[in-house]
Amino acid sequence: MIKNYSKMLRQPQSQHNVEPVKTPQLRNKNQTLWTSLSLIIMLFVTTTFVAQSSANYTFATSTTGSMVLDRNGNSVDMTAGTTQLVAGSSDQGTSAVTSIGFSYVFMGASYTQFSASANGILQLGSTAVAGVTYVASGGSAASPRISAYGADLQTGSNGKVHYKVVGAFPNRCLVVEYSNMNLFYVSTVYGNDATFQVRLYESGGLDFVYGTMSISSIAASTKSPSIGFSRGTAD
């Protein structure tokens, strides 16, 4: 089941109140939306992983999120030292399965690999995400899906999907940046409209961070972004 940010999740036991979640709104060209969506995972101190659900996550939003610092204060410089996953001017492009760089616990299970697509989808596990996957729903225990902004997108002419790991053990962070994305797909048009990041933390957190977000064509066929995650209908 997809966990949309337009809904309030149930309050976990012994946790702070879950605040209402606001769905990010698109702005006009050249306006910037800085939003950090923090998902803090409750990790149980045991020798084995136990089943978890979205009730074990605390959702928070901020309008002062940073594209250049993660929540641990690590520098996030995506202008150098990154590895490209999907090239520019790509429609339906996907990456190979790639190492996260550390063991990442999500919904009670540990993952060490991920893949990403030009449609804004990040998929955990050893199976690469399909190029025709446009939404975060439909994930499974073997292949959870995460999306800061999933839809029928393209990488722009100056765009790409790339990543790097910042920080040091035990506070490493995988940063996957969707740079200069075209919102939304239009044949032969590869606008450089939007940049956003998904950050996976070694300590068990997840951030969605947004830079400039604009739309180059309102004539696009699919204009309903999918924002959230899924790991199966039982979660």
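These numbers come from a predicted model, not from an experiment.

## Some details on the packing of aromatic side chains
Turning to step 1, where the next piece is worked out: Per the counting criterion, the structure on display carries 10 aromatic pairs.
Turning to step 2, where the next piece is worked out: Measuring from ring centre to ring centre gives 6.3 Å for Tyr104 and Phe106, while their planes differ by 20°; the resulting arrangement is stacked. As far as burial versus exposure is concerned, Tyr104 and Phe106 are alike and both buried.
Turning to step 3, where the next piece is worked out: Pairing Tyr149 with Phe196 gives two aromatic rings, centres 5.9 Å apart and planes at 45°, and the pair type is tilted. Of this pair, Tyr149 sits in strand β7 (residues 145-150) while Phe196 sits in strand β10 (residues 194-201); the two residues are 47 residues apart in sequence, bridging distant segments of the chain.

## Thoughts on the pattern of salt bridges
Turning to step 1, where the next piece is worked out: Taken as a whole and judged by the stated rule, the model has 2 salt bridges.
Turning to step 2, where the next piece is worked out: The closest approach of N and O atoms between Asp207 and Arg71, which form a salt bridge, is 2.5 Å. Of this pair, Asp207 sits in strand β11 (residues 205-210) while Arg71 sits in the loop between β2 (57-60) and β3 (83-86), and the two are 136 residues apart along the sequence.
Turning to step 3, where the next piece is worked out: Assessed through its relative accessible area of 2%, Asp207 is described here as buried.
Turning to step 4, where the next piece is worked out: A salt bridge links Arg172 to Glu202; the shortest N-O distance between them is 2.6 Å. Separated by 30 residues along the polypeptide, Arg172 in the loop between β8 (154-166) and β9 (173-182) and Glu202 in the loop between β10 and β11 bring together distant segments of the chain.

## With respect to the pairing of β11
Turning to step 1, where the next piece is worked out: Most of β11 is tucked away: 6 of the 6 residues are buried.
Turning to step 2, where the next piece is worked out: Burial along β11 is two-sided: the residues Gly205, Asp207 and Val209 and Leu206, Phe208 and Tyr210 are all buried.
Turning to step 3, where the next piece is worked out: Across 5 bridges, the pairing between β10 and β11 is antiparallel. What sits directly across from Gln197, in β11, is Val209.
Turning to step 4, where the next piece is worked out: Between β10 and β11, which pair antiparallel one after the other, the connecting turn spans 3 residues, and Gly204 there sits at a positive phi close to 105°.

## A closer look at the pairing of β9
Turning to step 1, where the next piece is worked out: Counting buried residues along β9, 9 of its 10 residues qualify, which places the element largely inside the surrounding structure.
Turning to step 2, where the next piece is worked out: Direction of pairing for β8 relative to β9: antiparallel, over a ladder of 9 bridges. Counted as the bridge partner of Thr155 is Met181 from β9.
Turning to step 3, where the next piece is worked out: Counted between consecutive antiparallel strands, the loop separating β8 from β9 contains 6 residues, among which Gly167 sits at a positive phi close to 85°.
Turning to step 4, where the next piece is worked out: Here β9 runs beside β10; their pairing, made up of 7 bridges, is antiparallel. Looking at the pairing, Leu174 lines up with Leu200 of β10.

## Some remarks on the sheet that holds β7
Turning to step 1, where the next piece is worked out: Pairing in this open sheet of 5 strands is antiparallel, and the strands run β4-β5-β6-β7-β12 from one edge to the other. Sheet topology places β4 (98-106) and β12 (226-230) at the edges, where each strand pairs with a single neighbour. When strand polarity is set aside, the average angle formed by the axes of neighbouring strands in this sheet is 25°.
Turning to step 2, where the next piece is worked out: As paired elements, β7 and β12 share 4 bridges and run antiparallel to each other.

## Some thoughts on the nonpolar core
Side chains of a nonpolar character, in soluble globular proteins, are inclined to be buried together.
Turning to step 1, where the next piece is worked out: Ranked by internal contacts, the top residues of the largest apolar core, which has 39 residues, are Leu124 and Ile146.
Turning to step 2, where the next piece is worked out: In this structure, Val76, Val166, Cys173 and Val175 belong to the second largest nonpolar core, which totals 6 residues.

## Here's the deal with the side chain of Thr155
Turning to step 1, where the next piece is worked out: Along the chain, Thr155 turns up in strand β8.
Turning to step 2, where the next piece is worked out: Thr155 gets classed as buried once you look at its relative accessible area, which sits at 0%.
Turning to step 3, where the next piece is worked out: A polar contact of 2.7 Å, which involves the side chain of Thr155, links it to the backbone oxygen of Ala87.
Turning to step 4, where the next piece is worked out: With sequence-adjacent residues up to four places away left out, Thr155 is seen in contact with Val86, Ala87, Gly88, Ser89, Ser90, Ala118, Lys160, Val161, Asn180, Met181, Asn182 and Tyr190.

## Structural notes on the environment of Ser62
Turning to step 1, where the next piece is worked out: Relative to the helices and strands, Ser62 resides in the loop between β2 and β3.
Turning to step 2, where the next piece is worked out: Judged by relative accessible area, Ser62 falls into the partly exposed class, the value being 25%.
Turning to step 3, where the next piece is worked out: Counting along the chain gives 147 residues from Ser62 to Val209, while the straight-line C-alpha distance between them is 9.5 Å.
Turning to step 4, where the next piece is worked out: Polar side-chain contacts of Ser62 include one of 2.9 Å to the side chain of Thr64.

What counts as what
- Each chain carries its own residue numbering, running from 1 in the direction its sequence is written.
- A pLDDT threshold of at least 70 governs which residues receive local features in this predicted model, and a stricter bar of 80 or more applies before side-chain atom pairs are shown or counted, although totals over entire chains, interfaces and linings include all residues.
- Calculation of side-chain values draws on the structure's entire complement of heavy atoms; hydrogens and water are dropped beforehand.
- Centres within 6.5 Å are what make two rings of Phe, Tyr or Trp a pair, Trp counting through its six-membered ring; a difference in plane orientation under 30 degrees is then read as stacked, over 60 as edge-to-face, and the rest as tilted.
- The cut-offs for exposure are 20% and 50% of the maximum accessible area for each residue type, with area from a 1.4 Å probe on protein chains only; residues under the lower value are buried, those over the upper are exposed, and the others partly exposed.
- Think of it this way: any DSSP run of H or I at least four residues long counts as a helix, any run of E at least two long counts as a strand, and we number them from the N terminus.
- In what follows, salt bridge is the name for a side-chain nitrogen of Lys or Arg lying within 4 Å of a carboxyl oxygen of Asp or Glu.
- Here, a strand pair is defined by DSSP locating no fewer than two bridges between the strands.
- Structural elements are reduced to axes, namely lines fitted to C-alpha atoms, with helices fitted over the stretch in contact, and the angle between N-to-C directions of any two is expressed from 0 to 180 degrees.
- Only buried residues count toward a nonpolar core, which is a set of Ala, Val, Leu, Ile, Met, Phe, Trp, Tyr and Cys residues joined through side-chain atoms within 4.5 Å.
- Counting of polar contacts relies on pairs of N or O atoms within 3.5 Å, with two restrictions inside protein: one atom must be capable of donating a hydrogen and the other of accepting it, and residues adjacent in sequence are counted only when both atoms are side-chain atoms.
- Between two residues, a contact is recorded if the distance between any of their heavy atoms is within 4.5 Å.

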